[in-house]
Protein chains: 2
Amino acid sequence: MQNPPLKKVVVLGGGTGTFTVLSGLKNYPLDLAAIVSIADDGGSTGILRDELGVLPPGDIRQCLVALSSGDRVLRDLFNYRFTQGGLEGHNFGNIFLSALEKVNNDPLTAIKEANRILNVKGRVIPVSARAADLYAELEDSTVVKGQHAIDKPACERAQIRHCFLSPMPEANPEALQAIHDADVIVMGPGDLYTSLIPILLVQGVTNAIAQSRAERLLIVNLTSKRGQTQGYKASDFYNVVTKYAWPAPVDTVIVNVAQPSELVAQKYIEAGDHLIEDDLDGQSIKVWKCELLADDIANPVPGDRLKRSLLRHDPQKLAEAILKASGMAEYVIQSDLERLTSNV
Amino acid sequence: MQNPPLKKVVVLGGGTGTFTVLSGLKNYPLDLAAIVSIADDGGSTGILRDELGVLPPGDIRQCLVALSSGDRVLRDLFNYRFTQGGLEGHNFGNIFLSALEKVNNDPLTAIKEANRILNVKGRVIPVSARAADLYAELEDSTVVKGQHAIDKPACERAQIRHCFLSPMPEANPEALQAIHDADVIVMGPGDLYTSLIPILLVQGVTNAIAQSRAERLLIVNLTSKRGQTQGYKASDFYNVVTKYAWPAPVDTVIVNVAQPSELVAQKYIEAGDHLIEDDLDGQSIKVWKCELLADDIANPVPGDRLKRSLLRHDPQKLAEAILKASGMAEYVIQSDLERLTSNV
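Residues numbered from 1 in each chain as written. Chains lettered and ligands numbered in written order. Predicted model: local features only at pLDDT ≥ 70, side-chain atom pairs only at ≥ 80, totals over all residues. Heavy atoms only, no water.

Caption draft 1: Geometry of the overall build of chain A. The helix and strand tally for chain A stands at 14 helices and 10 strands. Taking 344 residues into account, the globule formula puts the C-alpha radius of gyration at 20 Å, and chain A, at 20 Å, falls close to it. Principal-axis analysis of the C-alpha atoms gives chain A an extent of 60 × 50 × 45 Å. Put simply, 74% of the contacts in chain A that link residues at least 6 apart link residues at least 24 apart. Accessible surface for chain A amounts to roughly 14,900 Å². Of this, 50% is attributable to carbon and sulfur atoms. Of the charged side chains in chain A, 34 are positive and 42 negative, and the gap between their average positions amounts to 2 Å. (Helix = DSSP H or I, 4+ residues; strand = E, 2+ residues; numbered from the N terminus. Rg over C-alpha atoms; globule rule 2.2 N^0.38 Å. Contact = heavy atoms within 4.5 Å. Areas by Shrake-Rupley, 256 points an atom, 1.4 Å probe, with all protein chains shown as cover. Lys, Arg positive; Asp, Glu negative; His and termini not counted. Charge placed at Lys NZ, Arg CZ, Asp CG, Glu CD.)

Below you can see the structure in the form of structure tokens.
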């Protein structure tokens, strides 16, 4: 008897949120694809992009590492950052992707090769073969240029009114095809304006999402981020994504309901941020509520500065929520059964 | 019936000559090991060595690429040299080895990992786990420091009187063991004072060669090299290697007897170099004479400057000469038979 084809899950993003989603999902028998932003311009990625004219490698590298079934050494190597000399600040994986693009003289071929060399479970697909700059127009009408500048504001500033890409990059046909063929499309968690939206902005992407038969999921962030989502509640995430994803609807919103300790919440307030409040009850939105926090959250030390990674999604819980919310609960049950059997 | 153990062939060197030997030998069913110098300090290699404190990666990379059974993309990638920006002049393979050493926090583990990742046919073994500086005392008693300075003299200068390493590096036990266990030890071709001799200078190496049951071969270079072997004949190569290899003898000398065209010879003269004359007849040295030139030598254009690679050893011919000269002619016959059979 032939096995049925694997369910196709497409994850849109590129940052640490996407890394968490991919890390969780890769343990299930799925046909996975990560569609990655090409607007990153910070740090090592920005330097390589500027100096060598390559696609920004940072987000692509993170997704490749998340899905790599290669060994630990190769993954450590890819994440290694040089701390001395002329290579200081550069990430080995970024240099690898840049060299591969130069050797192949084509970014898409290079990334296909990287998928192969790293024995990636699934596919990592840049949303376009060309880099683009991300711009944010703020509520006070000033315009901020560059994903890095938007992501890491040097000082307090007005809220983001809207974002756009320039030059408008042509979509990578393989990305559009993967979106079109998907059974599930996962948006978030992660930096809303600098990770998810730069993908939705690429011409053709939202139409492909709209035309797909996929269940379209939005995973709401756990906390706000200065300069991007301060003051946001869960409904703001839903509304902003719905606006940028137009004409594609968001079918289901996944929200965490586990409450961290008061001390943790307080740490975020001290740092000018806050937990995202779930205000989705009573609205005509399909919401999937579950506990998604990672268990190993470090207890903050009173007086210490907030570490960004204090609150994190648990990859396993997140993957289970995605599968259950998109009608694939049998994958979770099957996996639980296998775990039980292997423990006998 | 159990197969007999593979014959163990150890190649000493590191530069392009060693690359040629390894490229030829890897097509035979042999247990191959390349013992590589750790005194290189030129270009990208020198910068990485200085800035990051890693073993000089250049020669190691070349040998890894020669023996890699990985695909062409990986080999092209390893040899890729960045031509722009802050990475300009750096070779990707050098950066790879440096990052791997940093991640593993140990050069020998790192190179073992590189052997594995590149699926190397055989082993590439650094002669020591510590880098060293090569010094040359010239006939006019001046001392030149650094392999690169010795290799690429800025102007005319006196002949080399003798070379030494400082600090004296401890030998890598795996290198000594490989030499000790060898059936054949291949010295040369390649840069005499900057590729072969820095290996012989490491404490313990020549004793291991002397104690080995191996057939010890010296392959004489095709041409002289400014600053190293100007004026040398075949017997000079033999005498210098015999001096540095002491107490190990050289058992057999392999010399090319194919004559290039007058025009090619003239090109070398114009560049201040010359073909190496075979003056070994009538001396009590076991000599293996055969045609070793690569067939695809470019015809030099009159008036054009000499390209270093004009005359090269043919990897296949060189491998056959090594096997025949060390009593393994049956490998060549077997390989010829297989070629004939596969062509039927």
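Caption draft 2: Focus on the sheet that holds strand E5 (residues 143-145) of chain A. Residues and elements named next belong to chain A. Spatially, 3 strands are ordered E5-E4-E6 in an open sheet, and the strand pairing comes out antiparallel. At either end of the open sheet lies a strand with only one pairing partner, and these are E5 and strand E6 (160-166). Strand-to-strand twist of the sheet, defined as the mean angle between neighbouring strand axes without regard to direction, takes the value 20°. Pairing of strand E4 (residues 133-138) with E6 involves 6 bridges; the strand directions are antiparallel. Within the sheet, the bridge partner assigned to Leu138 lies in E6 and is Ile160. (Pairing = 2+ DSSP bridges. Axes fitted to C-alpha atoms, helices over the stretch in contact; angles between N-to-C directions.)

Caption draft 3: The relation of the copies chain A and chain B, seen in detail. Turning chain A through 179° and shifting it by 0.0 Å along the axis lays it on chain B, with an RMSD of 0.1 Å. When the rotation and shift are considered jointly, the pair of chain copies conforms to a two-fold rotation axis. Most of the interface of chain A is mirrored in chain B, where 100% of its interface residues are also at the interface. (Least-squares fit on C-alpha atoms with pLDDT ≥ 70 in both.)

Caption draft 4: Spotlight on the sheet that holds strand E2 (residues 31-36) of chain B. Residues and elements named next belong to chain B. One open sheet accounts for 7 strands, arranged E3-E2-E1-E7-E8-E9-E10; its pairing is parallel. Each edge of the sheet is formed by a strand with only one pairing partner; in this case those strands are strand E3 (123-126) and strand E10 (286-290). Ignoring which end each strand starts from, the neighbouring axes of this sheet average 25° apart. For strand E8 (residues 215-219) and strand E9 (residues 252-256), the ladder comprises 3 bridges, and the chain directions are parallel. Residue pairing in the sheet places Leu217 in a bridge with Thr252 of E9. Contacts between helix H13 (residues 315-325) and the sheet are confined to strand E7 (184-187), E8, E9 and E10, with E8 contributing the most and set at about 145° to the helix.

Caption draft 5: Looking closely at the packing of aromatic side chains. Considering all chains together, one arrives at 17 aromatic pairs over all chains under this definition. Geometrically, the ring pair formed by Phe96 of chain A and Phe92 of chain B is tilted, given 5.9 Å between the ring centres and 55° between the ring planes. With one member in each of two chains, Phe96 of chain A in helix H5 (residues 92-104) and Phe92 of chain B in helix H5 (residues 92-104) form a pair that bridges those chains. Judged on exposure class, the residue Phe96 of chain A and its partner Phe92 of chain B are both buried. (Phe/Tyr/Trp six-rings, centres within 6.5 Å; stacked < 30°, edge-to-face > 60°. Buried < 20%, exposed > 50% of the residue type's maximum accessible area, 1.4 Å probe, protein only.)

Caption draft 6: Here's a closer look at the packing of helix H9 (residues 192-200) of chain A against helix H11 (residues 234-245) of chain A. Residue and element names in this part refer to chain A. Between H9 and H11, the shortest axis-to-axis distance is 9 Å and the interhelical angle comes to 30°. As judged from the angle between their axes, H9 and H11 are roughly parallel. Relative to H11, H9 is oriented so that their crossing is right-handed. Here Leu192, Tyr193, Leu196, Ile197 and Leu200 of H9 come into contact with H11, specifically with Phe237, Val240, Val241, Tyr244 and Ala245. Here the residues of the contact of H9 with H11 are counted per class, giving 10 nonpolar, no polar and no charged. (Parallel < 35°, antiparallel > 145°, perpendicular 65-115°, else oblique. Left-handed = near helix turned anticlockwise from the far one by under 90°. Nonpolar A, V, L, I, M, F, W, Y, C, P; charged D, E, K, R; others polar.)

Caption draft 7: Spatial organisation of the pattern of salt bridges. Evaluated as defined, the whole model comprises 40 salt bridges over all chains. Across the pair Lys112 of chain A and Glu174 of chain A runs a salt bridge whose closest N-O atoms are separated by 2.8 Å. Pair noted here: Lys112 of chain A is in helix H6 (residues 107-117) and Glu174 of chain A is in helix H8 (residues 173-181), with a separation of 62 residues, a long-range link. Owing to a relative accessible area of 25%, Glu174 of chain A belongs among the partly exposed residues under this scheme. Across the pair Arg161 of chain B and Glu137 of chain B runs a salt bridge whose closest N-O atoms are separated by 2.5 Å. Residue Arg161 of chain B is found in strand E6 (residues 160-166), and its partner Glu137 of chain B is found in strand E4 (residues 133-138); the two are separated by 24 residues along the sequence. The partly exposed category is assigned to Arg161 of chain B, whose relative accessible area is 32%. Connected via shared salt-bridge partners are Asp151, Lys152, Asp191 and Lys225 of chain A. (Salt bridge = Lys/Arg side-chain N within 4 Å of Asp/Glu carboxyl O.)

Caption draft 8: Unusual backbone geometry, seen in detail. Going from Ser166 of chain A to Pro167 of chain A, the amide bond is cis rather than trans, its omega being -10°. Looking at the secondary structure, you find Pro167 of chain A in the loop between E6 and H8. Between Trp246 of chain B and Pro247 of chain B the backbone carries a cis peptide bond, its omega angle lying at 10°. One non-glycine residue, Asn105 of chain A, lies in the positive phi region at around 60°. Within the fold, Asn105 of chain A resides in the loop between H5 and H6. Even without being a glycine, Asn119 of chain A presents a positive backbone phi close to 50°. Counting through the fold element by element, Asn119 of chain A comes out in the loop between H6 and strand E3 (123-126).

Caption draft 9: Here's a closer look at the nonpolar core. Of all hydrophobic cores here, the largest spans 216 residues; its most connected members are Leu12 of chain A together with Leu12 of chain B. Once residues lying within four places of it in the same chain are set aside, the contact partners of Leu12 of chain A are Thr18, Ile35, Ile179, Ile185, Val186, Met187, Gly188, Leu196, Ile199, Leu200 and Ile209 of chain A. (Core = buried A, V, L, I, M, F, W, Y, C linked by side-chain atoms within 4.5 Å.)

Caption draft 10: Spotlight on the interface of chain A and chain B. Chain A puts 27 residues into the contact, and the matching count from chain B is 27 residues. Here chain A packs against chain B, burying approximately 2,300 Å² in sum over the two surfaces, 75% of which is carbon and sulfur. Of all residues in chain A, the largest losses of buried area upon contact with chain B belong to Val73, Leu87 and Val103 of chain A, amounting jointly to 20% of the total for that side. Across the contact surface, chain A and chain B share 0 salt bridges. Here chain A is connected to chain B by 4 residue pairs in polar contact (both at pLDDT 80 or more). If you tally residues by element for the side of chain A that touches chain B, the top one is H5 of chain A, at 9 residues. Classifying every residue of the side of chain A that touches chain B by side-chain character gives 15 nonpolar, 6 polar and 6 charged. (Buried area = accessible area lost by both parts, 1.4 Å probe. Polar contact = N/O pair within 3.5 Å; in protein donor to acceptor, adjacent residues only side chain to side chain.)

Caption draft 11: Representation of helix H12 (residues 262-270) of chain B within the structure. All names here are of chain B. Within the sequence span of H12, burial applies to Val264, Ala265, Lys267 and Tyr268. End-on, the buried residues of H12 take up no more than an arc of 150°, which puts them together on one face. Across H12 from its buried face, at more than 90 degrees, point the exposed residues Glu262 and Glu270. One or two residues past the end of H12 sits Gly272, with phi positive at roughly 85°. (Arc of directions from axis to C-beta.)

Caption draft 12: Looking closely at the packing of H5 of chain B against helix H6 (residues 107-117) of chain B. Residues and elements named next belong to chain B. With their axes 8 Å apart at the nearest point, H5 and H6 run at an angle of 125° to one another. As summarised for this structure, H5 and H6 are arranged oblique, according to the angle between their axes. Between H5 and H6 lies a crossing whose hand is right-handed. The segment H5 lies against H6, with Phe96, Leu97, Leu100, Glu101 and Asn104 engaging Pro107, Thr109, Ala110, Glu113, Ala114 and Ile117. Taken together, the residues of the contact of H5 with H6 break down into 7 nonpolar, 2 polar and 2 charged.

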